[in-house]
Amino acid sequence: MASASSTVTAEHFRYLAARTTPEDDFLKELRSAAAKAGLPAIHVAPEQGSFMRILLKIMGAKEVVEVGTLGGYSAIWMARSGARVTTIEYKEKHADFAERWIAKSDVAARINLLRGAGQDLLPVLADDSKDAAFLDADKAGYPGYLKECLRIVRPGGLILVDNAFAFGELLAKRATDPEVEAVRAFNEIMAKTPGLSGVIVPIGDGLWVAVRE
Ligand code: SAH
Ligand code: MG
């Protein structure tokens, strides 16, 4: 009998990843250079970058804001949708690396890196000035970022949030990562926020895809 849903296993993740439009050599090189430079390998999965690019492309996004640049991997994926990306990073080392690789990329002209904390820089952005936001920084900061994004992202715009599966520990009895609780609490907020319709897409480490109604 046909079932309304299937259990997504690690094998399904590998299956879908193998069939998703892949990253190019430049993004591959960026990832290995980032690892060599000592940046943590906590960028979005390639298939997730690909998916976010598709979403932004079909909605015709012109302006996107990201919190959490790291090495610029997700920012470059998103800018390849055709949108302009403003990306926020507070660690100098990460911002320095990202700036160098963004400058070398094919989308250098469409990415603007802002140095500073999401808490300080999102409040500076104008109401309804972005078509989409991607949150991928400190998880304790997510509720505050969401509040700002509900103002910054225009009605009909998209709010994407990473790590809904809490680094694989969402349902763990004894979670080890200190940010797991913050992710759990944030997922409840996302599910209950009026004016926001969302779904957790099981790609990467779980991606919230929500529309500001
Ligand atoms: N989006 C990136 C990965 C981001 S990792 C990608 O997929 O390629 C999370 C990043 O958020 C780290 O670089 C970290 O330094 C940054 N960060 C953490 N807290 C922050 C804050 N409060 N403001 C801005 N950046 C922050
Ligand atoms: Mg993430």
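Now for a description of the structure that goes with this document. Per chain, the residues get numbers from 1 upward, laid out in the order the sequence is written. Numbering of ligands from 1 and lettering of chains from A proceed in the order in which they are written. In view of the model being predicted, local features appear only for residues whose pLDDT reaches at least 70, and side-chain atom pairs are presented and counted only at 80 or more, with totals across whole chains, interfaces and linings using the full set of residues. Note that water and hydrogens are dropped before the side-chain values are worked out from all heavy atoms of the structure.

### Regarding the coordination of the magnesium ion (ligand 2)
(1) Moving on: Metal donors were taken as nitrogen, oxygen and sulfur atoms no farther than 2.8 Å from the ion, or 3.2 Å where the ion is Na, K or Ca. Water is excluded, so coordination may look unfinished. The protein atoms that coordinate the magnesium ion (ligand 2) are Asp136 (OD), Asp162 (OD) and Asn163 (OD1), at distances of 2.0 to 2.2 Å.
(2) Moving on: Of note, the magnesium ion (ligand 2) draws all its donor residues from one chain, in the sequence arrangement D-x25-D-N. A residue pair is termed long-range when its members are at least 10 positions apart, and Asp136 in the loop between strand 4 (130–135) and helix 7 (142–152) and Asp162 in strand 5 (residues 153–162) qualify at 26 residues. Of the two residues, Asp136 and Asp162, both sit in the buried class. What counts as a helix is a DSSP run of H or I of at least four residues, what counts as a strand is a run of E of at least two, and both are numbered from the N terminus. Think of it in three bands: with a 1.4 Å probe and only protein chains considered, a residue is buried below 20% of the maximum accessible area for its type, exposed above 50%, and partly exposed in between.

### Observations regarding unusual backbone geometry
(1) Moving on: A positive phi is found at Asn163, a non-glycine position, where the angle reads about 70°.
(2) Moving on: Turning to its location among the elements, Asn163 is positioned in the loop between strand 5 and helix 8 (180–192).
(3) Moving on: Phi angles above zero are rare outside glycine, and Phe167 is one such case at about 60°.
(4) Moving on: In this fold, Phe167 is placed in the loop between strand 5 and helix 8.

Honestly, it's all geometry; don't read function into it.
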